[in-house]
Amino acid sequence: MTSGPTLPPETEASTSADRFFSSAIPRMLRFVLVLGAALSLCTAWRFGLVAALGFAAGAFIAYLSFRSLNKAVQSLASHIVDAKLPASGFSLIHGFFLRYLLAGIVAYVIFTSSSQAFRGFLFGLCTPVAAMLMEAGFEVYAALRRGY
């Protein structure tokens, strides 16, 4: 007679899968940086230096925003899980506001200076979407290759 449900033994495959999937956010952050640099060079070659600088600024703002959003979500999750921590909703809202304020100021400065740089900036803001698509493809490849 057992006193409770028995858990299956932890296998090496489950721990390596857990490590693989838990490192998705750092991989996406690296993808944003790599895509930002590579696509800035492609933009400079195709559309000129002004558009490339706008793209690089957009990719950098997107990287900072994605990183800040990740920290905010982790902070909120830790507050939910550990009820003993004092609620600091002000800092979370402050972080969201500062992210959008920074993006708005940079967009305004670029918009008033050059329409070509502004278009590059808007495309640069989309680099996290491309990084998420790359991460999804990487996870599909790993799942098929390693059998996760």
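In what follows, the accompanying structure is described. (Residues numbered from 1 in each chain as written. Predicted model: local features only at pLDDT ≥ 70, side-chain atom pairs only at ≥ 80, totals over all residues. Heavy atoms only, no water.)

## What to know about the nonpolar core
Of all hydrophobic cores here, the largest spans 9 residues; its members are Ala24, Met28, Leu29, Phe31, Val32, Leu35, Tyr63, Phe66 and Ala131. If you list the elements that add at least two residues to this core, you get helix H2 (24-47) and helix H3 (49-81). It is H2 that provides the largest number of residues to this core, a total of 6 residues. In this structure, Met28 is in contact with Phe66, Ala131, Met132 and Glu135, ignoring residues within four places of it in sequence. In this structure, Ile61, Ala103, Ala107 and Ile110 belong to the second largest nonpolar core, which totals 6 residues. (Core = buried A, V, L, I, M, F, W, Y, C linked by side-chain atoms within 4.5 Å. Buried < 20%, exposed > 50% of the residue type's maximum accessible area, 1.4 Å probe, protein only. Helix = DSSP H or I, 4+ residues; strand = E, 2+ residues; numbered from the N terminus. Contact = heavy atoms within 4.5 Å.)

## Concerning the environment of Tyr100
Position of Tyr100 relative to the elements: it lies in helix H4 (residues 89-113). Given a relative accessible area of 59%, Tyr100 falls into the exposed group. Here the alpha-carbon distance between Tyr100 and Ile61, two residues 39 residues apart in the chain, equals 9.6 Å.

## Observations concerning the pattern of salt bridges
Inspection of the entire model under this criterion finds 1 salt bridge. Between Arg27 and Glu135 there is a salt bridge, with its nearest N and O atoms 2.7 Å apart. Linking Arg27 in helix H2 with Glu135 in helix H6 (residues 127-146), this pair joins segments that are 108 residues apart in sequence. Comparing Arg27 with Glu135, the two get one shared label, buried. (Salt bridge = Lys/Arg side-chain N within 4 Å of Asp/Glu carboxyl O.)

## What about the packing of aromatic side chains?
Evaluated as defined, the whole model comprises 2 aromatic pairs. Ring centres 4.9 Å apart and planes at 70° place the aromatic pair Phe111 and Phe118 in the edge-to-face group. Given a relative accessible area of 52%, Phe111 falls into the exposed group. Over the ring of Phe20 we find Arg27, and its NZ or CZ is 4.3 Å from the ring centre. (Phe/Tyr/Trp six-rings, centres within 6.5 Å; stacked < 30°, edge-to-face > 60°. Lys NZ or Arg CZ within 6 Å of the ring centre and 35° of its normal.)

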